[in-house]
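# Structural characterization, general
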Amino acid sequence: MTDSTTVHPATVLPGIPPQANAPSEGRSEVEQLAGTPATWTLKTDRGDTTVWQVTGPIGQWALKIGRGEGAAVVGREAEVLSSISTTVPTTSYGARAKSGRTPTSAWLITPWLDGPSTWEVFRTVRDSRPDRQDALAAAVDLAAAVGSMHQNGWVHGDVQPHHAIHTRGGVRLIGCSWSWNMHLLPSYAFHGGLMHLMSPELLARVESGQRPLGPSQPDETYALAAGLWWAATNSWPLNYAQLGIDPGKFTAKALREVLMRRWPPLGRISQWPQLEEVLRPVLTTGPRERPPALQLAQWLRELPA
């Protein structure tokens, strides 16, 4: 299981068992599920949010802990999984989730999802290797999963290639903190997600100060296509060089202001031009003309590997 954040190697101090570094939040609950002795591996550390892989004799689980500002994000994800897991198959793992809060933190336990992310499956494409069959299958599965979510009235809110895990039982969507539907309205804490995957219209709503901000299904189809482009090239879809800028040197707000004045053209997927032909129409049409995620899934199915 992966996350969109920086993933570090296991954090283990020399001569000290991994569990000695384990956090207190959710510890007794996750060790009851995994069994003891349990091995604790720190997989993600963003400072305010950490993700641990906890492996014991009877199970393997993920423990996500949010502290400070991260507490609200983790708490929101627990709320989403409680609402969505029975209606959207790709989030069904959430039916087994457990969660809790302390005065300064929130924690969430879910089954550990064993499999690569879409980003990891696309490594062969980024490396310009000829075998694209697995990457194409992963792209189809991700698009179909997002489309199924939309059919059930949900918007994921943070679709990107790191947020889909391809397990033996099928694709599973993670990173659901910003998911919403008509019964669970968007969070005021959401600010648009990963900016380089944002549609022009969503970026304009962010810049306008509109809150709460709920990405629409067309916004999400744009993010889906942009994320697959990113996974295939390790480059953002927008060709910022055409504007003569390095986006890494701008704050998010400053870059939004640049894009509001001039939207750059798309780059190229030189190692897989057929994929570019499928994704380009999604990224160059307005929200009313933009094909839905299930249509994109069908186009991808028809694409030769």
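See the structure above.
Below: a short report on this structure. (Residues numbered from 1 in each chain as written. Predicted model: local features only at pLDDT ≥ 70, side-chain atom pairs only at ≥ 80, totals over all residues. Heavy atoms only, no water.)

### Some details on the overall build of the chain
On a plain count of helices and strands, the chain comes out with 10 helices and 7 strands. Since a compact globule built from 305 residues should have a radius of gyration of about 19 Å, the 20 Å found for the chain is in line with a globular shape. Projected onto its principal axes, the C-alpha coordinates of the chain cover approximately 55 × 45 × 40 Å. By the burial criterion, 54% of the 305 residues in the chain qualify as buried. A fraction of 64% describes how many contacts in the chain between residues 6 or more apart in sequence connect residues 24 or more apart. (Helix = DSSP H or I, 4+ residues; strand = E, 2+ residues; numbered from the N terminus. Rg over C-alpha atoms; globule rule 2.2 N^0.38 Å. Buried < 20%, exposed > 50% of the residue type's maximum accessible area, 1.4 Å probe, protein only. Contact = heavy atoms within 4.5 Å.)

### Section: empty space enclosed by the protein
The final tally for this structure, using the stated rule, is 3 cavities of 30 Å³ or more. Computed from the structure, the largest cavity encloses a volume of approximately 120 Å³. Looking at the largest cavity, it is lined by 13 residues, and the ones nearest its centre are Gly157, Asp158, Val159, Gly192 and Ala223. The element that contributes the greatest number of residues to the lining of the largest cavity is helix α7 (residues 217-233), accounting for 3 residues. A breakdown of the residues in the lining of the largest cavity according to their chemical character gives 7 nonpolar, 3 polar and 3 charged. (1 Å grid on protein atoms, 1.4 Å probe; cavity = no way out; pocket = protein on both sides within 12 Å on 5 of 7 lines; lining within 4 Å. Points joined across faces, edges and corners; volume = space filled by probe spheres on them. Nonpolar A, V, L, I, M, F, W, Y, C, P; charged D, E, K, R; others polar.)

### Brief notes about the nonpolar core
Phe122, Leu224, Trp272, Leu275 and Leu300 are the most contacted members of the largest nonpolar core, which totals 73 residues. Within the second largest apolar cluster, 13 residues are counted, among which are Ala22, Val30, Val54 and Trp107. (Core = buried A, V, L, I, M, F, W, Y, C linked by side-chain atoms within 4.5 Å.)

### Regarding the sheet that holds strand β5 (residues 105-111)
Reading across from one edge, β1-β2-β3-β5-β4 is the order of the 5 strands in this open sheet, with antiparallel pairing throughout. With one partner strand each, in any of the chains shown, β1 (39-45) and β4 (98-101) form the two edges of the open sheet. Between one strand axis and the next, the sheet turns through 20 degrees on average, direction left out of account. By the bridge criterion, 6 bridges tie β1 to strand β2 (residues 49-56) in an arrangement that is antiparallel. Paired with threonine 41 across the bridge in β2 is glutamine 53. Packing of helix α1 (residues 27-34) onto the sheet brings it into contact with β1, β2, β3 (59-67), β4 and β5, and relative to β3 it is tilted by some 165 degrees. Sheet strands touched by helix α2 (residues 69-84): β2, β3, β4 and β5. Its angle to β5, the strand with the most contacts, is close to 40 degrees. (Pairing = 2+ DSSP bridges. Axes fitted to C-alpha atoms, helices over the stretch in contact; angles between N-to-C directions.)

### Looking at the side chain of threonine 221
Relative to the helices and strands, threonine 221 is located in helix α7. Since its relative accessible area comes to 2%, threonine 221 is described here as buried. Once you skip the residues sitting within four places of it in the chain, threonine 221 turns out to touch His150, Val282, Arg290, Pro291, Pro292 and Ala293.

### With respect to the layout of surface pockets
Empty space within the largest pocket amounts to approximately 770 Å³. Taken together, 35 residues form the lining of the largest pocket, with Arg46, Asp158, Trp178, Gly193 and Leu194 sitting closest to its centre. For the lining of the largest pocket, the elements supplying multiple residues, two or more each, are α2 and α8 (252-261). Looking at which element gives the most residues to the lining of the largest pocket, the answer is α2, with 5 residues. Split into classes, the residues belonging to the lining of the largest pocket amount to 15 nonpolar, 12 polar and 8 charged.

### Side note on the pattern of salt bridges
Using the criterion set out here, one finds 11 salt bridges in the structure. Taking the shortest distance from any N to any O, the salt bridge between arginine 256 and glutamate 207 comes out at 2.9 Å. With arginine 256 in helix α8 and glutamate 207 in helix α6 (residues 200-208), this residue pair connects regions lying 49 residues apart in the sequence. Arginine 268 is paired through a salt bridge with glutamate 276; the nearest N and O atoms lie 2.8 Å apart. Through salt bridges with shared partners, a single ionic network connects Glu207, Lys253, Arg256 and Glu257. (Salt bridge = Lys/Arg side-chain N within 4 Å of Asp/Glu carboxyl O.)

Bear in mind that shape data such as this cannot, by itself, settle questions of function.
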